[in-house]
Amino acid sequence: MNRMNMMEQVHLAGEDEEDIYSGFNDYNATLDTEDLQHDPTFQKAVMRTSHGRRPPPTASKGLAVGGAAAGARLGTAARGRAGVPSSMGRLQTGAVAGGGTDMARPMTAVRAAGYTSVGNRGAGFDPMNQGNKGPAPPLEPKPEDSPEEKIRQLEKKVNTLIEESCFANSRGEFSLGLEKAKEAGRKERVLVRQREQQSMGDQINLDLTYSVLFNLANQYAANEMFNEALNTYQVIVKNKMFSNAGRLKVNMGNIYFRQRNFPKAIKHYRMALDQVPNHHKEMRTKIMQNIGIVFVKMGQYTDAITSFEHIMSEAPSFKTGFNLILCYFALGDREKMKRAFNKLLIVDLKVDEEDKYLPHGEDKHYNLILEVIKNDPLRQIERQRKYEAENCIKTAAKIIAPAIETSFASGYDWCVEQVKTSQYVDLAHDLEIDKAIMYLKQKDFNLAIETLKSFEKKDSKVASTAATNLSFLYFLENDLDQADKYAELAMSSDRYNPAALVNKGNVVFKRGDFEKARELFKEALQNDSSCVEALYNLGLCNKRIGRLEDALDCFYKLHAILRNSPQVMFQIADIHDKLDDTAQATEWFMQLIGVVPTDTSVLAKTGEIYDNEGDKSQAFQYYYDSYRYFPSNIPVIEWLGAYYIDSQFCEKAIHYFERAGIVQPAQVKWQLMIASCHRRSGNYQNALETYKHIHRRFPENVECLKFLVRICSDLGLKEAQEYATKLKKAEKTKEMREQRASSGTRRGSGRGRRGGDDTEESSGRKTSGHRRGGSKKRPNLDDVDDGAYQVSGKQEIDATYSDPLGPQMERPKTAATRGIKADDDMFDEDLGEDMLPE
């Protein structure tokens with residue numbers, strides 16, 4: 001009966017498991033005490049009590065209880081005693097094979113896998129189907145407001161700030177990096193206080209504290225806040241809880257080195273060296289190298305040599321070997337310089353052979369891989385190492401060559417011989433070419449040419465380099481034939497040599513064949529797009545043949561490579577000026593003045609542009625700046641004098657014409673301008689004295705005599721008759737001179753007339769070309785006749801004269817003008833035949 005009741009209960013339990021609405025009754029569930037065994041919350045509460053922790057009852061007692069859960073727990077044993085076979089005829093668990101009623105299964109500490117005595121009761125546990133249990137319940141989330149979670153989140157925030165600080169430093173944003181480092185330090189202190197408040201002081205994260213302080217010190221050093229960085233490093237070093245903190249004394253030594261406090265730098269380097277174990281050879285080598293460099297800075301070369309020699313015996317490097325050579329050179333020890341140079345030649349580059357980059361026949365797969373690795377980062381590192389090694393060897397040879405032997409040539413020959421017997425035999429030819437270049441620097445052109453000519457029969461690369469240098473050398477000497485010859489030789493040795501193409505293009509350019517030169521420069525750029533010489537010369541060619549847009553494009557490309565090159569900026573500005581793009585020309589000239597503020601030609605050109613635009617005040621400022629830096633520039637002096645004359649400040653113009661007279665003492669026109677300025681300002685006595693002084697220096701000058709006759713007549717002086725007689729004689733002499741000049745052959749007379757015209761017109765162009773496009777022309781100061789020193793074929797011999805400064809202009813007309821010739825209103829009457837005043 002009990003067995004049947006138990007089986008019915010088990011069956012009902014299986015049905016409840018399939019019913020998703022089981023447990024919901026129509027009556028109040030709180031009154032159902034029998035279903036408390038199916039309530040999971042109640043069962044959990046029971047398990048926490050002492051009753052729930054008691055061992056379960058035996059099988060026989062469990063039957064007497066008569067519950068569904070108890071039947072499920074003890075059903076196997078009961079069925080075993082009643083003779084009901086289990087599945088597959090297996091003996092029942094907990095029952096004796098003989099089926100005795102008094103033998104119960106002993107209690108064990110380990111339960112069956114997947115079985116709990118309480119947890120499955122509320123879900124309707126089916127002992128016949130234990131494997132079909134479904135997914136495990138999710139883990140209960142930890143509360144976010146717990147102290148442990150807050151501390152963990154704060155640690156994460158500190159680490160994030162440290163990373164952001166490091167990234168900002170790597171980008172060069174040092175201020176932002178320091179700000180992030182300080183914020184990380186504040187967060188870390190808050191974290192420590194929270195741990196102490198939660199009585200978790202023994203769980204302090206030392207690694208996080210170390211990272212915060214170390215990063216803060218680095219950021220201080222990057223921002224050149226050296227005292228703060230040293231204090232922060234000191235906090236880390238003095239804390240015994242930080243392991244290996246003594247190595248940071250290297251960083252402190254670096255800071256003292258930057259502060260040029262060399263004794264403290266050495267002290268900290270040595271303390272750091274004591275902290276580094278012997279098996280860390282690379283770090284110890286770097287620290288010793290720093291010590292040697294500090295000794296060099298202090299001038300203690302013997303101590304520096306001790307450090308460098310130890311490094312060369314333990315872990316030799318090109319940098320250390322080069323420093324050792326410099327120390328021996330400073331001490332003047334020839335033998336040790338040679339020995340150190342030989343040590344430098346045996347340093348291992350640690351670079352594999354170049355054969356691995358050579359193509360392997362028809363193996364296409366290998367050749368594809370070769371194309372990929374030919375310029376990968378590893379290959380770039382190898383090339384950089386090789387370049388540094390070659391640079392150290394060549395520089396060391398240049399330094400010690402004059403010191404190790406009696407002459408520079410013999411010393412360099414010794415270095416070349418040592419290189420030829422070393423693993424860097426390829427450098428021997430480069431050293432010999434450097435030897436020729438050193439001859440050039442010493443102005444010994446013959447030896448340079450002789451050295452370079454010795455390479456004509458060498459291999460193609462060396463011969464091309466030597467021929468290129470020879471071509472350039474002859475081009476500098478203006479020997480275009482020899483320059484052309486060696487340029488052709490260099491091109492035949494290596495057609496893809498951009499320097500040879502540039503030299504050839506220069507020769508062709510010098511001969512006036514701009515189109516061919518342009519093609520050569522373009523070919524050089526195709527071979528090497530970074531050849532700035534070819535790009536600049538190509539721009540000049542385009543400018544010469546009138547292709548201004550193409551020239552501008554070349555110079556803009558060059559400006560992107562050479563940002564602050566004055567030559568490039570001037571060409572861009574000048575081309576914009578030729579294209580009548582005044583705004584861009586002015587902008588580029590202003591940028592150029594910012595780069596070379598004392599270039600007088602640039603200042604004068606800028607003043608000319610403003611003068612053409614009618615902005616006289618700005619033009620005067622730039623012309624005046626040009627005059628201050630170079631007070632002997634005649635066009636600038638002439639413009640400033642004309643500016644003051646047009647502004648009716650003739651007294652100020654006298655100073656500039658006096659300066660022009662000092663620069664060109666043989667030119668009479670500057671003296672005439674000075675006298676005219678005196679006369680215009682009403683100072684007739686000074687004007688008379690000036691004209692007399694001019695007459696004494698240039699007695700046959702007709703213009704000066706005309707002015708003397710007129711002034712003396714107006715002032716009623718007796719010298720008027722004397723000067724009139726001299727004027728008549730001077731005019732006759734001038735007429736006879738012109739007749740002799742025109743009495744030659746027709747060709748000669750034509751040439752004489754052209755010469756006279758050119759004399760006047762060229763002088764006029766010299767000034768009028770100085771400013772263009774103005775609304776008015778200022779007086780042409782070059783129209784003054786130079787008297788006996790110039791022959792004019794067009795000028796008629798009469799008693800009239802023209803003021804070299806032109807007619808007086810009424811104020812407020814201040815614009816400088818040119819080319820206006822008019823008689824002075826003061827002397828508007830013609831003289832008689834006897835040239836005597838009335």
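Up top you'll find the structure we're talking about.
Residues numbered from 1 in each chain as written. Predicted model: local features only at pLDDT ≥ 70, side-chain atom pairs only at ≥ 80, totals over all residues. Heavy atoms only, no water.

Caption draft 1: Summary view of the overall build of the protein. Each helix and strand in the protein was counted, giving 36 helices and zero strands. Within the protein, buried positions represent 39% of all 838 residues. Residue pairs in contact within the protein that sit at least 24 positions apart in sequence constitute 54% of those at least 6 positions apart. Carbon together with sulfur atoms contributes 51% to the accessible area of the protein, which is approximately 48500 Å² in total. (Helix = DSSP H or I, 4+ residues; strand = E, 2+ residues; numbered from the N terminus. Buried < 20%, exposed > 50% of the residue type's maximum accessible area, 1.4 Å probe, protein only. Contact = heavy atoms within 4.5 Å. Areas by Shrake-Rupley, 256 points an atom, 1.4 Å probe, with all protein chains shown as cover.)

Caption draft 2: Examining unusual backbone geometry more closely. One non-glycine residue with positive phi stands out, namely Glu224, at about 60°. Topologically, Glu224 is positioned in the loop between α7 (206–222) and α8 (226–238). For Asp580, which is not a glycine, the phi torsion comes out positive at approximately 60°.

Caption draft 3: Representation of the packing of helix α12 (residues 301–314) against helix α13 (residues 318–331). Where α12 contacts α13, the axes come no closer than 9 Å and their chain directions differ by 150°. Put simply, α12 runs roughly antiparallel to α13. α13 is crossed by α12, and the crossing has left-handed handedness. Contacts between α12 and α13 involve Tyr301, Ala304, Ile305, Phe308, Glu309, Ile311 and Met312 from the former and Thr320, Gly321, Asn323, Leu324, Cys327, Tyr328, Ala330 and Leu331 from the latter. Class assignment of the residues belonging to the contact of α12 with α13 gives a composition of eleven nonpolar, three polar and one charged. (Axes fitted to C-alpha atoms, helices over the stretch in contact; angles between N-to-C directions. Parallel < 35°, antiparallel > 145°, perpendicular 65-115°, else oblique. Left-handed = near helix turned anticlockwise from the far one by under 90°. Nonpolar A, V, L, I, M, F, W, Y, C, P; charged D, E, K, R; others polar.)

Caption draft 4: Representation of the pattern of salt bridges in the model. All told, the structure shown has 21 salt bridges when counted by the stated rule. The closest approach of N and O atoms between Glu282 and Lys286, which form a salt bridge, is 3.8 Å. Here Lys286 and Glu282 lie together in helix α11 (residues 281–298), a separation of four residues that amounts to about one turn. There is no split in this pair, since Glu282 and Lys286 are both exposed. Residues participating in the shared-partner salt-bridge network are Asp481, Asp484, Glu488, Lys504 and Arg511. (Salt bridge = Lys/Arg side-chain N within 4 Å of Asp/Glu carboxyl O.)

Caption draft 5: Summary view of the environment of Lys706. Structurally, Lys706 is set in helix α34 (residues 702–715). Given the relative accessible area of 3%, Lys706 is considered buried. It is 10.0 Å that separates the C-alpha atoms of Lys706 and Ala720, two residues lying 14 residues apart in sequence.

Caption draft 6: A look at the packing of helix α23 (residues 514–527) against helix α24 (residues 532–544). Contact geometry for α23 and α24: axes closest at 9 Å, N-to-C directions at 155°. One way to sum up the angle between α23 and α24 is to call them roughly antiparallel. Like other packed secondary-structure pairs, α23 and α24 cross with a definite hand, here left-handed. Contacts between α23 and α24 involve Phe514, Ala517, Arg518, Phe521, Lys522, Ala524 and Leu525 from the former and Ala534, Leu535, Asn537, Leu538, Cys541, Asn542 and Arg544 from the latter. Class assignment of the residues belonging to the contact of α23 with α24 gives a composition of nine nonpolar, two polar and three charged.

Caption draft 7: Quick look at the packing of aromatic side chains. As enumerated under the stated definition, the model contains 23 aromatic pairs in all. Centre to centre, the rings of Phe341 and Trp414 are 6.0 Å apart; their planes meet at 50°, and the pair counts as tilted. Highlighted residues: Phe341 in helix α14 (residues 334–345) and Trp414 in helix α17 (residues 408–420), separated in sequence by 73 residues. Among the residues examined, Trp414 registers a relative accessible area of 18% and is labelled buried. On the basis of an interplanar angle of 10° and a centroid distance of 5.0 Å, the ring pair of Tyr691 and Phe707 is categorised as stacked. (Phe/Tyr/Trp six-rings, centres within 6.5 Å; stacked < 30°, edge-to-face > 60°.)

Caption draft 8: Looking closely at the nonpolar core. In this structure, Phe555, Tyr623, Trp639, Leu640, Phe657 and Cys677 are the most contacted members of the largest nonpolar core, which totals 72 residues. Looking at which element gives the most residues to this core, the answer is helix α30 (residues 634–646), with eight residues. (Core = buried A, V, L, I, M, F, W, Y, C linked by side-chain atoms within 4.5 Å.)

Caption draft 9: Region of interest: a nonpolar patch on the surface. Taken together, the side chains of Ile369, Val372 and Ile373 present a nonpolar region at the surface, about 240 Å² in accessible area. Turning to its location among the elements, Val372 is positioned in helix α15 (residues 364–373). What makes Val372 exposed here is its relative accessible area of 60%. (Patch = residues over 30% accessible without salt bridge, like charges linked within 9 Å, V, L, I, M, F, W, Y side chains within 5 Å.)

Caption draft 10: Representation of the environment of Tyr486. Among the structural elements, Tyr486 can be located in helix α21 (residues 480–493). Note on Tyr486: relative accessible area 3%, which makes it buried. Sequence spacing of Tyr486 and Ser471 is 15 residues, and the spatial spacing of their C-alpha atoms is 5.0 Å.

Caption draft 11: Structural context of the environment of Asp550. Relative to the assigned elements, Asp550 resides in helix α25 (residues 548–561). For the pair Asp550 and Leu540, spaced ten residues apart in sequence, the C-alpha separation works out to 10.0 Å. Those residues within four positions of Asp550 in sequence are excluded, and the remaining contacts are Arg518 and Asn542. At 3.0 Å, the side chain of Asp550 and the side chain of Arg547 are in polar contact. (Polar contact = N/O pair within 3.5 Å; in protein donor to acceptor, adjacent residues only side chain to side chain.)

Caption draft 12: How the structure looks around helix α31 (residues 650–663). Taking 1.5 Å per residue, 14 residues should reach 20 Å; α31 reaches 20 Å between its end C-alpha atoms and fits that length. Among all positions of α31, only Cys650, Ala653, Ile654, Tyr656, Phe657, Ala660 and Gly661 are buried. At its buried positions, α31 is contacted by α29 (616–629), α30 and α32 (668–680). (Expected span 1.5 Å × (residues − 1).)

Geometric descriptors of this kind do not, in isolation, establish any biological role.
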